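# Architecture and fold: a report
These are the residues of each chain, in order.
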Amino acid sequence: MAGNEWINGYLEAILHSGDSAIDDHKPALVNLGERGHFNPTRYFVEEVVTGVNETDLHRTWIKVVATRDNHERSSRLENMCWRIWHLARKKKQLEWEDFQRMTHRRWEREQGRRDATEDMSEDMSEGEKGDTMGEMIQAETPRKRFQRNLSNLEVWSDDNKGKRLYIVLISLHGLVRGENMELGCDSDTGGQVKYVVELARALAMMPGVYRVDLFTRQISSPEVDWSYGEPTEMLTSGCEDAYGNDGNDVGESRGAYIIRIPFGPSDKYLYKELLWPHIPEFVDGALAHILNMSKVLGEQINEGHPVWPYVIHGHYADAGDSAALLSGALNVPMVLTGHSLGRNKLEQLLKQGRQSKEDINSTYKIMRRIEAEELSLDAAELVVTSTRQEIDEQWGLYDGFDVKLEKVLRARARRGVNCHGRYMPRMAVIPPGMDFSSVVAQEDTAEGDGELAALMGGPDGASPRAVPPIWSEVMRFFTNPHKPMILALSRPDPKKNITTLLKAFGECPPLRELANLTLIMGNRDDIDTMSGGNGSVLTTVLKLIDKYDLYGLVAYPKHHKQSDVPDIYRLAAKTKGVFINPALVEPFGLTLIEAAAHGLPMVATKNGGPVDIHRALNNGLLVDPHDQQDIADALLKLVAEKNLWHDCRKNGWRNIHLFSWPEHCRTYLTRVAACRMRHPQWKTDTPIDDMAAEESLGDSLKDVQDMSLRLSIDGEKSSLNGSLDTADLERVAAANGGPEVQDQVKRILSKIKKPASDPKEDAGEKKQNENAVNKYPALRRRKRLIVIALDFYHSNGKPVSKMLQAVQEMFKAVRSDSQASKFSGFALSTAMPLSETLEFLKSGKIQATDFDALICGSGSEVYYPGIYTEENGKLYPDPDYTSHIDYRWGIEGLKKTILKSMNSQDRGDISISNDSSSPIQEDEKSGNSHCVSYLVKDPRKAKRVDDLRQKLRMRGLRCHPMYCRNSTRLQVVPLLASRAQALRYLYVRWGLNVANMCVILGETGDTDYEEMISGAHKTVIMKGLKEKGSEELLRTSGSYLRDDIVPEESPFVAYTTGATAEAISKALNTVYKAVA
């Protein structure tokens, strides 16, 4: 380092300072203006090195000190210098980028709130405007808020016994089972697993709840226990009722169950960051189970009518994404519990300055997680939180939730004023419950000391008394096991802050003198094989124990069972110990409630949920998790002051009932009951319904077919209007069947027989009967459905002719197999409106009736050619699908908002214009009542889909925007509408399994192209027909990636080269045989 010797001086100072400079979080500031007292070495140490929070720097310094060769030592010093300089510069750059990002976001939020309130204020009186804005800014006390939220709600009670509800819970990641939970075995298997299992059990025991299904992932891997590969696991039968049920309505399907759905590679255990591309596959598998269970429950308890889920509740972002899709497919309410949130984690990681946003996204898939949480907010009726802080400081970071705008919308709803389609989900603070069945609350007795003494052996050499094995495992670490035990129980995760606790204990001699410390940090076999974060924490713990010479004072057992946890709490309570949760941020803190139930006072972080728990229980002290002296003082105070310890213990027992599972479930069901209840309801006045007649007809025909009576309701070869008349059918039934079958046949024929009519009406009646035998869509009888979703368009948005050729080749490929063609049908899925679709098909001499279904307008309309027709032969859309997707469709405010957003600059005036300067222009002929279509005049000026969706969410509008037709159209459809969701609707409505569908795609497509690839359906991607798609307008830089949506490899996906019938036939055979 010739010429730069001064840097050597700085680094020598660093080496001589050791790690004390880095451990000091508040170094003395250096005033550069005081030149007489300026010490450049001190400045470098305190201002540069202490600003670089990287754990392995000190290890590097130690290596430098140990290096005797001067040349090598100088080289290492030089490398260290540039490394520190680079890290310090990078941290400042990240801080500046974070500041700019947050400033811009605040401006966006204020702009969105202003736009929404201005648009909605147009139809309000001046008095209402003042009242609404006043309510938006008025401060509320917690008591007022609680009274207002619950005053109009009917509390769930035993009067609801007769409801017999079916509830679906979803928790996808981690290892989920009912007994011997492996909590702490990895970062995905923690408190959430315990919470959802106990919630399922508790809900199943509530009055009015018949069945609870907890969905998770099926894992058949040698890496994990075989039990995680079992498809079903019963948690409780529901008959052991502690809450007032008489148990007389127990059926064979009643109770709580874990349902494991296979998705993703079945032989691998995947961490949650790798599950994202496989979510659609889970949704399709879960949908199949729910439809089947709805029918089963209908037969058992609802006179044959399906029992739809009362609510679908997603836990964490991945399950929230799944619940949103399932809720949309079934049209039932959705509830969300975030547990921990992606935006909050992103903010914390960026503040640390160690990683850029790109690095964080690469490691944690954080942008995909955030988008899943935003989608969950779009679809959720209710969001359950543990604390008020979670609402204000965490959910408040999201585009889809604004506390102030939510109050405005709620005020308008109370007054019956139109919200123009704007919506914000309701937030409800419902603290998690706890199972107190294993808790034995005991006042202070001599028995505790006797049990502890028994561990050391009885008097006069008597054999030790039988005590829980985990007690012996813990106590073997201690020199004096009778001292009060400070207990910490968590995963060895850096954010759990265990190392700061250990430093606080090690550097406080009075605390070391008075107490022992027990660290229950999950289960481990070999630290070297653990994940980076967990292994690093455990290594640091062992080094700190050695540094402070804490042998005989700290216990850190390698293994424990979940069933041992109550005994661990009980041991700490018997020693008059204290429970501590020193996490940097704790979303709730369930372990604090468990500890209080066992009689342990608490010391907890002041960041997050423990604040609310402390307010309710008043059984301990809150501390700053960054201040180890504060932690040590609080622990010492509770251990040393016995009167305070006893008061905290009694307060915890007195108020613990507030966190019981019955209380939680009662509040939960009360909140859910207040949601807008909805479920599939097919209109009985449509030509294709009459569900009761249809079901009995179908069931009876099966019996008749078993007697070789070939009846058909399709109007084909042996139709009821064909070779067999009613008298023949009655004679065959009398000859081949018993009285029950004869009665069934008579009932069928009574529905089908033509009533007596005047001769003048014969012509009309004949036409009506011809329609009657064809009134059901042909896809009802299909075993396979080939969905053609090719997006090949010219630069002007017109479809290219090669798409017609590809369709004709597909017809040839399927019809070349005489067996497959009998049970295969076709559907066309396109962004074009019906008129353009029919015109395009006509140009290629393809009949609309060649297709069983037409999905038009980017999934906004579904048609059944030959079925839904008016007198003039014109097709009209499925009215049930139209009402299905109408949920949260706000076309009133949507058009104005889109024009504002498209015409606005990031920091300019917003004006509504439709002139030549606007990048879009409304295209009414391409739209419909549930599709707003715009012609994109200049794609270069058009906002990306994720940017546009953000602006709409900030204004309370929930919808599905997409670019299509070679980026020439922007189409916005309802939240529940899309080409992918339309396929699930066909499954729910007509019983055609998604797994039997095959979607044909090109190499590119509209911006919803990626949604069409993944799922349980089969996919064939046609190569060699490449046309420009619209994907370039999908995402902005820094968003989630295609790999987070589409799996890299899948047995459900095959490829063709070219569009020949032979190539298509080969690809179809490949995908269907691969999963057979």
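This structure is a prediction, so every number in the text was calculated from the model and none was measured.

## Focus on the overall build of the chain
When its secondary structure is counted, the chain shows 39 helices and 25 strands. Across the 1076 residues of the chain, 55% fall into the buried class. In the chain, of all internal contacts separated by at least 6 residues, the share reaching a separation of at least 24 is 72%.

## As for the confidence of the model for the chain
Looking at the chain, the pLDDT average stands at 80 and 76% of residues meet or exceed 70. In this model residues 1–6 is a low-confidence stretch, pLDDT under 50, and it forms five contacts with partners more than four residues away in sequence or in other chains. Under a pLDDT of 50 for its full length, residues 130–148 has, in the predicted model, 17 contacts with residues more than four places off or in other chains.

## Section: the nonpolar core
I170, F215, F282, L330, W395, Y864 and L986 are the most contacted members of the largest nonpolar core, which totals 106 residues. With sequence-adjacent residues up to four places away left out, W395 is seen in contact with L336, G338, L341, L377, V383, T385, E390, F401 and M427. Listed in part, the 69 residues of the second largest apolar core include I486, V537, L571 and V603.

## Comments concerning helix α25 (residues 642–655)
Along its 14 residues, α25 runs 20 Å from first to last C-alpha, staying within 8% of the 20 Å computed at 1.5 Å per residue. Along α25, the residues that are buried comprise W645, C648, R649, N651, G652 and W653. Considering only its buried residues, α25 is in contact with α21 (565–574), β12 (578–581), α22 (590–597), α23 (610–617), β14 (620–623) and α24 (628–640).

## Things to note about the pairing of β14
Both strand β13 (residues 602–605) and β14 contribute to a ladder of four bridges, which runs parallel. Its bridge partner being in β14, V603 is matched across the sheet by L621. Remark: the β13/α23/β14 crossover connection has right-handed handedness.

## A short note on unusual backbone geometry
For Y316, which is not glycine, the phi torsion reads 80° and is therefore positive. Inspection of the secondary structure assignment puts Y316 in helix α10 (residues 316–330). Judged by its relative accessible area of 5%, Y316 is buried. The phi torsion at H339 lies on the positive side, around 65°, for a residue other than glycine. In this structure, H339 sits in the loop between β6 (334–337) and α11 (342–352).

## Some words on the packing of α10 against helix α37 (residues 979–990)
Where α10 contacts α37, the two axes come as close as 9 Å, and the packing angle between them is 50°. Considering their axes alone, α10 and α37 lie oblique with respect to each other. Here the hand of the crossing between α10 and α37 comes out right-handed. Contacts between α10 and α37 involve L325, G328, A329 and L330 from the former and Q981, R984 and V988 from the latter. Classifying every residue of the contact of α10 with α37 by side-chain character gives four nonpolar, two polar and one charged.

## Topic: the sheet that holds strand β4 (residues 255–261)
Taken in spatial order, the eight strands line up as β3-β4-β2-β1-β5-β6-β7-β8 in an open sheet, and their pairing is mixed. At either margin of the open sheet sits one strand with a lone partner, and together these are β3 (232–236) and β8 (426–429). Strand after strand, the sheet turns through a mean of 25° between neighbouring axes, direction not considered. Its contacts with the sheet place α10 against β1 (165–170), β5 (311–315) and β6, and it is angled at close to 160° to β5.

## Considering the packing of aromatic side chains
Under the definition given, this model contains eleven aromatic pairs. One aromatic cluster is present, formed by F215, F263 and F282 through successive ring pairs. The ring of F823 has K783 sitting right over it, with the charged end atom 5.6 Å from the ring centre. Positioned above the aromatic ring of Y423, the side-chain terminus of R888 is 3.4 Å from the ring centre.

## A few points about the pattern of salt bridges
Enumeration over the complete set of coordinates arrives at 44 salt bridges. Residue D225 pairs with R177 through a salt bridge whose shortest N-O separation is 3.2 Å. With a gap of 48 residues between them, D225 in the loop between β2 (209–217) and β3 and R177 in the loop between β1 and α8 (191–204) connect regions that are remote in the sequence. Connected through shared salt-bridge partners, E371, D378, R949, R953 and R958 make up one network.

## Examining α21
Along α21, nine of the ten residues are buried, which leaves the element largely enclosed by surrounding structure. Of the positions making up α21, those classed as buried are V565, P566, D567, I568, Y569, L571, A572, A573 and K574. Positive phi appears at K576, one or two residues downstream of α21, with a value of about 60°.

## Thoughts on the packing of helix α18 (residues 498–506) against α24
Look at α18 against α24: their axes get within 8 Å of each other, and the N-to-C directions meet at 65°. Along this stretch, α18 crosses α24, giving a crossing that reads as right-handed. On α24, the residues touching T500, L501, K503 and A504 of α18 are Q628, I631, A632 and L635. Broken down by class, the residue content of the contact of α18 with α24 amounts to five nonpolar, two polar and one charged.

## Structural notes on the sheet that holds strand β16 (residues 824–829)
Ordered by their spatial adjacency, seven strands build an open sheet running β18-β17-β16-β15-β23-β24-β25, and the pairing between neighbours is mixed. Because the sheet does not close on itself, it has two edges, and the strands there are β18 (861–863) and β25 (1053–1057). Taking the axes of each pair of neighbouring strands and ignoring which way they run, one obtains an average angle of 20° across the sheet. Bridge count for strand β23 (residues 997–1001) against strand β24 (residues 1018–1023) is four bridges, and the pairing is parallel. Looking across to β24, one finds that I1000 is bridged to V1020.

## Points about the environment of Y195
Checked against the element boundaries, Y195 lands in helix α8. Sequence separation between Y195 and H315 is 120 residues, and the spatial gap between their C-alpha atoms is 9.9 Å. The residues contacting Y195, other than those within four sequence positions of it, are H315, H339, P432, W661 and H664.

## Section: the side chain of R211
Structurally, R211 is set in strand β2. Relative accessible area serves as the criterion here: at 4%, R211 is assigned to the buried category.

## A word on the pairing of strand β17 (residues 853–856)
In β17, alternate side chains face the same way, and those of A853 and I855 on one face and L854 and C856 on the other are all buried. When β16 meets β17, the two strands line up parallel, connected through three bridges. Across the sheet, A827 pairs through a bridge with A853, a residue of β17. Regarding the hand of the β-α-β motif, the stretch spanning β16, helix α33 (residues 834–843) and β17 is right-handed.

## Some details on the side chain of E347
Inspection of the secondary structure puts E347 in helix α11. Accessibility expressed as a relative area gives 12% for E347, which makes it buried. In this structure, E347 is in contact with D98, R101, M102 and L397, ignoring residues within four places of it in sequence.

## Describing the environment of S918
Take S918: it is sitting in the loop between α35 (891–903) and β19 (920–922). Overall, S918 belongs to the buried group, its relative accessible area being 2%. Note: C-alpha distance between S918 and V936 (18 residues apart in sequence) is 9.2 Å. Within polar-contact distance, the side chain of S918 engages the backbone oxygen of I920 at 3.0 Å.

## As for the environment of L779
You can see L779 is positioned in the loop between α30 (762–773) and β15 (784–788). Residue L779 is classed as buried on the basis of its relative accessible area of 0%. Sequence separation of L779 and Y987 is 208 residues, and the distance between their C-alpha atoms is 10.0 Å. Non-local contacts of L779, meaning those with residues more than four positions away in its chain, are made with D852, A853, Y864, L986, W990 and L992.

Rules and cut-offs
- Residues numbered from 1 in each chain as written.
- Predicted model: local features only at pLDDT ≥ 70, side-chain atom pairs only at ≥ 80, totals over all residues.
- Heavy atoms only, no water.
- Helix = DSSP H or I, 4+ residues; strand = E, 2+ residues; numbered from the N terminus.
- Buried < 20%, exposed > 50% of the residue type's maximum accessible area, 1.4 Å probe, protein only.
- Contact = heavy atoms within 4.5 Å.
- pLDDT = per-residue confidence, 0-100.
- Core = buried A, V, L, I, M, F, W, Y, C linked by side-chain atoms within 4.5 Å.
- Expected span 1.5 Å × (residues − 1).
- Pairing = 2+ DSSP bridges.
- Right-handed = clockwise from strand over helix to strand, strands pointing away.
- Axes fitted to C-alpha atoms, helices over the stretch in contact; angles between N-to-C directions.
- Parallel < 35°, antiparallel > 145°, perpendicular 65-115°, else oblique.
- Left-handed = near helix turned anticlockwise from the far one by under 90°.
- Nonpolar A, V, L, I, M, F, W, Y, C, P; charged D, E, K, R; others polar.
- Phe/Tyr/Trp six-rings, centres within 6.5 Å; stacked < 30°, edge-to-face > 60°.
- Lys NZ or Arg CZ within 6 Å of the ring centre and 35° of its normal.
- Salt bridge = Lys/Arg side-chain N within 4 Å of Asp/Glu carboxyl O.
- Polar contact = N/O pair within 3.5 Å; in protein donor to acceptor, adjacent residues only side chain to side chain.

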